[in-house]
Amino acid sequence: MMPSAKFPDLEGASVLITGGGSGIGAALVEGFVLQGAKVAFIDIADAASQAVCDHVEQETGARPLFLKADLRDIEALRVAVARAAEAHDRVTVLVNNAALDDRHAIENVTADFWDNNQSINLRPHFFTAQAVAPDMKEAGRGSIINFTSTSFMINHPNMPSYTTAKAGIIGLTKGLAGELGPHGIRVNAIAPGWVITERQRDLWVTDESLATHVSRQCIKEVMQPADMVGPCLFLASDASRMLTAQTLIVDGGFL
Ligand SMILES: NC(=O)c1ccc[n+]([C@@H]2O[C@H](COP(=O)([O-])OP(=O)(O)OC[C@H]3O[C@@H](n4cnc5c(N)ncnc54)[C@H](O)[C@@H]3O)[C@@H](O)[C@H]2O)c1
């Protein structure tokens, strides 16, 4: 369920989201559009992203801007950021959401696998921030929200490269917050617990694993992508004006 809260300062704001073509990112696209923001999103998946645009337009009457790019390609990422600013004015809210949570056994990880994994799960977070920073500095304000994960806090097995990147995102968040704070730019992270997206259902969820997980949450409900929207809007808006360099854990009280 989308949050009922309204954040008037987000109306007309230029928002850029990575990985908006499915899962949590698609919910974020819709959530910001519902606030009246001008939303662009970067994704590699064409058909899924067009479907998100169609759905959001049908629901809200406003069509988000889909920018097809592979975030591993820094030059393509820079072009996409520039196109978002051209279309919607300078980006003042950046949400680094895209990721790849492929499972991997330690003994099978090659240097190429490791580098490829980091080039999706950690590296773009820096380079998108670098690309939007000049415009945010000029505006004298900005909010950058990086999606990390509770997976590394709960010693999640089977994906050490992913969990390494997710831990790194917190260091990056703090480092950027210190550097950009004097310009009025805030940088925070959101650490979701288990959010049941289509991909989770297709690949990793079993009835048993989900029931066990939910039983350990304080709130005994399966988390949905829309549950990430409210915390993200709050961090994007001036309601959180003095909140920076922090990580909001949104896990239903699992930890
Ligand atoms: N779903 C969960 O349970 C969960 C838990 C903790 C953290 N998170 C974090 O929340 C964020 C969103 O997760 P999700 O589950 O919705 O992910 P998802 O896998 O469902 O969606 C990720 C999106 O990123 C896009 N993407 C992947 N690689 C890309 C690339 N190279 N270039 C451009 N786009 C690319 C995909 O096409 C997809 O649309 C991620 O940062 C994830 O680590 C999710």
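Refer to the structure presented above.
So, here is what we can say about the structure in this document. Every chain is numbered independently, its residues counted from 1 as its sequence is written. At least 70 in pLDDT is required for a residue's local features to be given in this predicted model, at least 80 for side-chain atom pairs to be given and counted, and no such filter applies to totals for whole chains, interfaces and linings, which use all residues. Excluded from the side-chain calculation are hydrogens and water; included are all heavy atoms of the structure.

1. Side note on the site of the ligand
We call a residue near a molecule or strand whenever a single non-hydrogen atom of that residue lies within 4 Å of it. Neighbouring the ligand are 27 residues, the closest being Ile24, Asp43, Asn97, Tyr162 and Val195. Pairing of N or O atoms within 3.5 Å defines a polar contact, subject to two protein rules: one partner must be a possible hydrogen donor and the other a possible acceptor, and residues neighboring in sequence count only if both atoms are side-chain atoms. Between an oxygen atom of the ligand and a main-chain N or O atom of Ile24, the distance comes to 2.7 Å. The Shrake-Rupley method, run with a 1.4 Å probe sphere, supplies the accessible areas, and residue values consider only the shown protein chains as cover. Look at the ligand: alone it shows 840 Å² of surface, and the protein chains cover 91% of it.

2. Some points on the sheet that holds strand β2 (residues 38-43)
The pairing criterion for strands is at least two bridges between them, as found by DSSP. Note on conventions: DSSP H or I runs of at least 4 residues are helices, E runs of at least 2 residues are strands, and numbering of each starts at the N terminus. Across the sheet, which stays open at both edges, the seven strands sit in the order β3-β2-β1-β4-β5-β6-β7 with parallel pairing between neighbours. The outermost strands of the open sheet, each flanked by one partner alone, are β3 (65-68) and β7 (247-250). Put simply, the sheet's adjacent strands are angled 20 degrees from each other on average, direction ignored. As defined by bridge partners, strand β1 (residues 14-18) adjoins strand β4 (residues 93-96) across three bridges and the pair is classed as parallel. Residue pairing for β4: Leu16 is matched across the bridge by Leu94. Contacts were defined at the residue level, with two residues in contact if any of their heavy atoms lie within 4.5 Å. The convention used is that axes are lines fitted to C-alpha atoms, helices contributing only their stretch in contact, and that angles between N-to-C directions extend from 0 to 180 degrees. Contacting β1, β2 and β3, helix α3 (residues 74-88) crosses the sheet at an angle of about 160 degrees to β3. Sheet strands in contact with helix α6 (residues 160-180) are β5 (142-147), β6 (185-192) and β7, and its direction is about 165 degrees off that of β6.

3. Quick look at the packing of aromatic side chains
Classification of ring pairs rests on two measures: the distance between centres of Phe, Tyr or Trp rings, Trp counted by its six-membered ring, which must be within 6.5 Å, and the angle between planes, read as stacked under 30 degrees, edge-to-face over 60 and tilted in between. A complete count under the given rule lists two aromatic pairs for this structure. Taking the centre distance of 5.0 Å and the plane angle of 90 degrees together, the rings of Phe126 and Phe127 count as edge-to-face. Partly exposed residues are those whose accessible area sits between 20% and 50% of the maximum for their type, while under 20% is buried and over 50% is exposed, using a 1.4 Å probe and protein chains only. Residue classification places Phe126 among the partly exposed residues on the basis of a relative accessible area of 34%. Here, over-ring charges are defined by two tests on the NZ atom of lysine or the CZ atom of arginine: distance to the ring centre within 6 Å, and angle to the ring normal within 35 degrees. Between Arg103 and the ring centre of Trp204, over which it is positioned, the NZ or CZ distance is 4.0 Å.

4. Observations concerning the layout of surface pockets
To find leftover empty space, a probe the size of one water molecule is rolled over the atoms. The space that makes up the second largest pocket amounts to roughly 260 Å³. Lining the second largest pocket are 15 residues, and of these Arg141, Gly142, Arg186, Ala236 and Asp238 lie nearest its centre. Split into classes, the residues belonging to the lining of the second largest pocket amount to five nonpolar, five polar and five charged. Every definition here rests on a 1 Å grid over the protein atoms only: cavities are sets of points where a 1.4 Å probe fits but cannot get out, pockets are open sets enclosed by protein on both sides within 12 Å along at least five of seven lines, and lining residues have some atom within 4 Å of a point. Grid points are joined across faces, edges and corners, and a volume is the space filled by probe spheres set on the points. In the scheme used here, Gly and all other residues not listed as nonpolar or charged are polar, with Ala, Val, Leu, Ile, Met, Phe, Trp, Tyr, Cys and Pro taken as nonpolar and Asp, Glu, Lys and Arg as charged.

5. Description of the environment of Gly181
Relative to the elements of secondary structure, Gly181 occurs in the loop between α6 and β6. The spacing of Gly181 and Thr150 is 31 residues in sequence and 25 Å in space, taken between C-alpha atoms.

6. What to know about the environment of Leu71
Assignment of secondary structure puts Leu71 in the loop between β3 and α3. Sequence separation between Leu71 and His125 is 54 residues, and the spatial gap between their C-alpha atoms is 9.3 Å. Once residues lying within four places of it in the same chain are set aside, the contact partners of Leu71 are Thr18, Ile42, Leu77, Ala98, Ser119 and Pro124.

7. Here we look at the packing of helix α5 (residues 123-139) against α6
What describes two packed helices is the angle between their axes and the distance between those same axes. The N-to-C vectors of α5 and α6 enclose an angle of 20 degrees; their axes lie 12 Å apart at closest approach. Of the possible angle classes, the one that applies to α5 and α6 is roughly parallel. For the element pair α5 and α6, the recorded crossing hand is right-handed. Across from His125, Phe126, Ala129, Ala133 and Lys137 in α5, the residues of α6 making contact are Ile169, Leu172, Leu176 and Leu180. To sort the angles, those under 35 degrees are grouped as roughly parallel, those over 145 as roughly antiparallel, those from 65 to 115 as roughly perpendicular, and the leftovers as oblique. Each crossing gets its hand from how the near helix is turned against the far one by less than a right angle, where anticlockwise is left-handed and clockwise is right-handed.

8. As for helix α1 (residues 23-34)
For α1, built from twelve residues, the straight-helix expectation of 16 Å at 1.5 Å per residue is met to within 8% by its first-to-last C-alpha distance of 17 Å. In the stretch just after α1, Gly36 is the one whose phi turns positive, near 85 degrees. Expected span, for any helix, means 1.5 Å times one less than how many residues it has.

9. Some details on the pattern of salt bridges
Counted as salt bridges are all cases of a side-chain nitrogen of Lys or Arg within 4 Å of a carboxyl oxygen of Asp or Glu. By the definition in use, this model includes nine salt bridges. Of the charged contacts, one joins Asp54 and Arg63 as a salt bridge, the two residues approaching to 2.8 Å between their closest N and O atoms. Taking the relative accessible area as the measure of exposure, Asp54 reaches 41% and is therefore partly exposed. What makes Arg63 partly exposed here is its relative accessible area of 40%. Glu138 is the salt-bridge partner of Arg90, the closest N and O atoms lying 3.4 Å from each other. On the criterion of sequence distance, the pair formed by Arg90 in the loop between α3 and β4 and Glu138 in helix α5 is long-range, its members being 48 residues apart. Here the salt bridges do not stand alone but share partners, grouping Asp101, Asp102, Arg103 and Arg199 into one network.

10. Some details on the side chain of Thr163
Residue position: Thr163 is located in helix α6. Judged by its relative accessible area of 11%, Thr163 is buried. A distance of 3.2 Å separates a polar atom in the side chain of Thr163 from the backbone oxygen of Pro160. Residues in contact with Thr163, not counting those within four places in the same chain, are Ser151, Phe152 and His156.

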